[in-house]
Amino acid sequence: MTASYTPLHDPEKDVHYGVPPLQQAIGQAWRVLDEKGRANIHDQDEMIRAAVGLHHVLRDLLAALDAERGER
């Protein structure tokens, strides 16, 4: 039996709205990393919010790096 779940990212449904400049993406990644690093590891809701926040800044950071290199 397979458990039902909702993935963190669904490329069929999730739209990426623009690519931030690389320096802005780096700054935002550091800010979110600092913020989420203070989350209570024993609080499931905080861990979910941390995962989602980090997921979004990582996608922006990688998109900005790809754009900087002319790859996307």
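You'll find the structure just up there.
Residues numbered from 1 in each chain as written. Predicted model: local features only at pLDDT ≥ 70, side-chain atom pairs only at ≥ 80, totals over all residues. Heavy atoms only, no water.

Participant: Please give an account of helix α2 (residues 44-68) that cites residues and values.
Facilitator: With 25 residues, α2 should cover 36 Å at 1.5 Å per step; its first-to-last C-alpha distance of 36 Å lies within 8% of that length. Along α2, the positions that sit buried rather than exposed are A50, G53, H55, V57, A63, A64 and D66. Looking one or two residues beyond α2, the residue adopting positive phi is G70, at roughly 70°. (Helix = DSSP H or I, 4+ residues; strand = E, 2+ residues; numbered from the N terminus. Expected span 1.5 Å × (residues − 1). Buried < 20%, exposed > 50% of the residue type's maximum accessible area, 1.4 Å probe, protein only.)

Participant: Got a sec to walk through the environment of L62? Specific residues and values, please.
Facilitator: Assignment of secondary structure puts L62 in helix α2. The sequence separation of L62 and G37 amounts to 25 residues, and the corresponding C-alpha distance is 20 Å.

Participant: Got a sec to walk through the side chain of K36? Specific residues and values, please.
Facilitator: Summarising the element assignment, K36 is placed in helix α1 (residues 22-36). What makes K36 buried here is its relative accessible area of 19%. Within the local environment of K36, its side chain forms a polar contact with the side chain of E35, the two groups lying 3.1 Å apart. Not counting residues up to four positions away in its chain, the partners in contact with K36 are R49, A50, G53 and L54. (Polar contact = N/O pair within 3.5 Å; in protein donor to acceptor, adjacent residues only side chain to side chain. Contact = heavy atoms within 4.5 Å.)

Participant: Help me get a handle on α1, residues and values and all.
Facilitator: With 15 residues, α1 extends 21 Å from end C-alpha to end C-alpha; this agrees with the ideal 21 Å at 1.5 Å per step. Those residues of α1 not exposed but buried are L22, A25, G27, A29, V32 and K36. Buried-residue contacts for α1 involve α2.

Participant: Provide a residue-level description of the pattern of salt bridges, including the pertinent values.
Facilitator: A side chain with one charge may pair with a side chain of the opposite charge, provided their charged atoms come close. Applying the stated criterion across every chain, the model contains 2 salt bridges. Residue R69 is joined to D66 by a salt bridge in which the shortest nitrogen-to-oxygen separation is 3.0 Å. In this structure R69 comes out as exposed when scored by relative accessible area, which is 52%. Assessed through its relative accessible area of 12%, D66 is described here as buried. (Salt bridge = Lys/Arg side-chain N within 4 Å of Asp/Glu carboxyl O.)

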